[in-house]
Structure formats: C-alpha cells, structure tokens
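Fold and contact review
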Amino acid sequence: MKNFSEMSKLSQEVAENIDEQLYDCKEDCKKGRLSGDMYECVIRTVLNTMDNWTPRLKYATRCEVLDWFQSEYGLCL
C-alpha cells in the first residue's frame, strides 16, 4: 500500500477531501465499530466523492485513493 506522500498530487487532494468528510468516524472504521447505516454512509461518501470529482478521475487515481483508504480506514471497497 502506498504511503500518502508517495501518491500523486490529485490523489492526495481527493484523499484529503475524503478524510475531511469522514474524520470523525475514522477510529470506528479502523476498529470495526460501524453500524450498517454508518458503513453505508462511509461507502457512499467515498464513492460519491470520487465519482463527482472534477476533472473525472482515471482508473489509476481511483485505485490509488482506494488503496490509501483501505490502509487508513481499514475498509476495502
């Protein structure tokens, strides 16, 4: 898994945006303490952020962000 500093600038921007939106539940994600509704909300937030990013994210960028997300939040999407 890539370290944040090894990611492209665009991937870092997307990751920072996701982190700002989900920071309050980061520890709960890591420890597996999300309810079904919260889990759904986290997934929706990540996917909506990437789907609505301008310019449209390429596959490699999306993979880089999801790899970071898995290492930071402990969830594989």
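Our structure's up above, just so we're on the same page.
About the criteria used
Residues numbered from 1 in each chain as written. Predicted model: local features only at pLDDT ≥ 70, side-chain atom pairs only at ≥ 80, totals over all residues. Heavy atoms only, no water. Phe/Tyr/Trp six-rings, centres within 6.5 Å; stacked < 30°, edge-to-face > 60°. Buried < 20%, exposed > 50% of the residue type's maximum accessible area, 1.4 Å probe, protein only. Helix = DSSP H or I, 4+ residues; strand = E, 2+ residues; numbered from the N terminus. Core = buried A, V, L, I, M, F, W, Y, C linked by side-chain atoms within 4.5 Å. Contact = heavy atoms within 4.5 Å. Salt bridge = Lys/Arg side-chain N within 4 Å of Asp/Glu carboxyl O.

**Some points on the packing of aromatic side chains**
Working definition: an aromatic ring pair is given by the centre-to-centre distance plus the angle between the planes. Overall, the coordinates contain three aromatic pairs when judged by the stated rule. Centroid distance Trp68 to Tyr73: 6.0 Å. Interplanar angle 70 degrees. Geometry classified as edge-to-face. Across this residue pair, the class does not change: Trp68 and Tyr73 are buried. Measuring from centroid to centroid gives 4.7 Å for Phe69 and Tyr73, while their planes differ by 15 degrees, and the two rings are stacked. Linking Phe69 with Tyr73, this pair stays in helix H4 (residues 59-73), spanning four residues, or about one helical turn. A connected cluster of aromatic rings, assembled from ring pairs, spans Trp68, Phe69 and Tyr73.

**Describing the nonpolar core**
Counting 18 residues, the largest nonpolar core has Ile18, Leu22, Val42 and Phe69 as the members making the most contacts within it. For this core, the secondary structure elements donating two or more residues are helix H1 (9-22), helix H3 (36-51) and H4. Residue contacts for Leu22: discarding those within four places in its chain leaves Val42, Thr45, Val46, Phe69 and Tyr73.

**As for the pattern of salt bridges**
All chains considered together, the criterion is met by six salt bridges. In this structure, the salt-bridge partner of Lys30 is Glu27, at a minimum N-O distance of 3.9 Å. Residue Lys30 and its partner Glu27 are located together in helix H2 (residues 26-30), separated by three residues, close to a single helical turn. A residue is classified by how much of its surface remains accessible, and Lys30, at 45% relative accessible area, is partly exposed. Note that Arg44 and Glu40 form a salt bridge whose closest N and O atoms lie 2.9 Å from each other. Here the residue Arg44 and the residue Glu40 both occupy positions in helix H3, the gap between them amounting to four residues, near one helical turn. The class for Arg44 is partly exposed, based on a relative accessible area of 41%. Overall, the relative accessible area of 45% leaves Glu40 in the partly exposed class. Where salt bridges share partners, they join Asp19, Lys26 and Glu72 into one cluster.

Read these as layout, nothing more, since geometry by itself doesn't imply function.
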